[in-house]
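For reference, the chains in residue letters:
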Amino acid sequence: QKEVEQNSGPLSVPEGAIASLNCTYSDRGSQSFFWYRQYSGKSPELIMSIYSNGDKEDGRFTAQLNKASQYVSLLIRDSQPSDSATYLCAVWGGSYIPTFGRGTSLIVHP
Amino acid sequence: GAVVSQHPSWVICKSGTSVKIECRSLDFQATTMFWYRQFPKQSLMLMATSNEGSKATYEQGVEKDKFLINHASLTLSTLTVTSAHPEDSSFYICSARGFSGANVLTFGAGSRLTVL
């Protein structure tokens, strides 16, 4: 069974700090990796996608992928209270159905 | 960018009635649509996968006769909750995957169902 694991948190960081969110996956054939942000009571919204090993930066967000270790992470620099949300890791393998992690709750306190 | 419209955003119905939720891809053709359910403070739960023109594939434990899914066109999928009961009250979210080849999912805004 394909699994995507995330620490449920909550991860609490002070405003301005770097938040580091981690995700591991079991399917070595996975090709596409995504991070979604979900505010309470809202649907998920796409933040980042990454397909190749290494880092991908977009503004304050950096996604990191290590396929050998089956690990993907999301770094949020200069964290803001508005970043407080649940962050979902999604992985696509050989099938056409994505597997989502249970999400990590992030709290950025002033 | 890709936009998925979901309607209604919230609905209240009486026990025993049926409710239809629509999911439309507005600016792209969605080859595959996924329907999720999410209870408060819980993770997304995939209910079913629907491909245009074919029957939906339901996840284990999801009653296909209770949750009717129709994907009649490349831009529209519907979920009908039949004979709804209070335990069906939840947040239902659709998402769509387009033709681009990249496995990018775009989510609708979700529909909050309350069954009295």
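Scroll up to find the structure.
Quick caveat: nothing in here was measured; it's all calculated off a predicted structure.

**Student:** Got a minute to help me understand the interface of chain A and chain B in this structure?
**Tutor:** Tallying the contact residues gives 17 residues for chain A and 19 residues for chain B. For the pair chain A and chain B, the summed buried area comes to about 1,400 Å², and 63% of that belongs to carbon and sulfur atoms. Counting the contacts that link chain A with chain B gives 0 salt bridges. At the boundary of chain A with chain B, the tally comes to 3 residue pairs in polar contact (both at pLDDT 80 or more). Going through the elements one at a time, β4 (32–38), β9 (85–92) and β10 (98–100) of chain A are the ones with two or more residues in the side of chain A that touches chain B.

**Student:** Looking at this structure, how should I read empty space enclosed by the protein?
**Tutor:** One way to see where empty space is left: roll a probe the size of a water molecule over the atoms. All names here are of chain A. Counted according to the given criterion, the structure contains 1 cavity of 30 Å³ or more. As a volume, the largest cavity reaches approximately 50 Å³. Lining the largest cavity, in full, are K2, E3, V4, Y25, S26, D27, S30, V91, G93, S95, I97 and T99. Along the lines of polarity and charge, the residues of the lining of the largest cavity split into 4 nonpolar, 5 polar and 3 charged.

**Student:** Got a minute to help me understand the side chain of T104 of chain A in this structure?
**Tutor:** Residues and elements named next belong to chain A. Mapped onto the elements of the fold, T104 is located in strand β11 (residues 104–109). Of the polar contacts made by the side chain of T104, one reaches the backbone oxygen of N7; its length is 2.4 Å. With residues up to four places along the chain from it excluded, the contact list for T104 reads Q6, N7, S8, L11, L21, A85, T86 and Y87.

**Student:** What am I meant to see in the sheet that holds strand β7 (residues 61–66) of chain A here?
**Tutor:** Two pairing modes exist for strands in a sheet, parallel and antiparallel, and in both the strands are linked by backbone hydrogen bonds. Residue and element names in this part refer to chain A. Here we have 5 strands laid out as an open sheet, ordered β1-β3-β8-β7-β6, and antiparallel in their pairing. The open sheet has two free edges, formed respectively by β1 (4–5) and β6 (54–58), since each of these has just one partner strand. Across 6 bridges, strand β3 (residues 19–25) lies against strand β8 (residues 71–76) in antiparallel orientation. If you follow A19 over to β8, its bridge partner there is I76.

**Student:** Looking at this structure, I do not really get the pattern of salt bridges. What am I missing?
**Tutor:** Pairing is possible between side chains that carry opposite charge, provided their charged atoms lie close to one another. Taken as a whole and assessed by the stated rule, the structure comprises 5 salt bridges over all chains. A salt bridge links R77 of chain A to E57 of chain A; the shortest N-O distance between them is 3.4 Å. Of the two residues, R77 of chain A sits in the loop between β8 and β9 while E57 of chain A sits in strand β6, which places them 20 residues apart along the sequence. For E57 of chain A, a relative accessible area of 58% corresponds to the exposed category. Notably, a salt bridge pairs R24 of chain B with E22 of chain B, separated by 3.6 Å at the nearest N-O pair.

**Student:** Even after reading the chapter, I still don't get the sheet that holds strand β3 (residues 19–25) of chain B, so can you show me in this structure?
**Tutor:** All names here are of chain B. Strand order in the open sheet made by the 4 strands is β1-β3-β8-β7, with antiparallel pairing throughout. Two strands in the sheet have a free side with no partner beyond their single neighbour: β1 (4–7) and β7 (67–73). Within this sheet the neighbouring strands show an average axis-to-axis angle of 15 degrees, counted without direction. Where β7 lies against strand β8 (residues 76–81), 5 bridges are found, and the strand directions are antiparallel.

Cut-offs used in this document
Residues numbered from 1 in each chain as written. Chains lettered and ligands numbered in written order. Predicted model: local features only at pLDDT ≥ 70, side-chain atom pairs only at ≥ 80, totals over all residues. Heavy atoms only, no water. Contact = heavy atoms within 4.5 Å. Buried area = accessible area lost by both parts, 1.4 Å probe. Salt bridge = Lys/Arg side-chain N within 4 Å of Asp/Glu carboxyl O. Polar contact = N/O pair within 3.5 Å; in protein donor to acceptor, adjacent residues only side chain to side chain. Helix = DSSP H or I, 4+ residues; strand = E, 2+ residues; numbered from the N terminus. 1 Å grid on protein atoms, 1.4 Å probe; cavity = no way out; pocket = protein on both sides within 12 Å on 5 of 7 lines; lining within 4 Å. Points joined across faces, edges and corners; volume = space filled by probe spheres on them. Nonpolar A, V, L, I, M, F, W, Y, C, P; charged D, E, K, R; others polar. Pairing = 2+ DSSP bridges. Buried < 20%, exposed > 50% of the residue type's maximum accessible area, 1.4 Å probe, protein only. Axes fitted to C-alpha atoms, helices over the stretch in contact; angles between N-to-C directions.

By themselves, these are just geometric observations and shouldn't be taken as functional.
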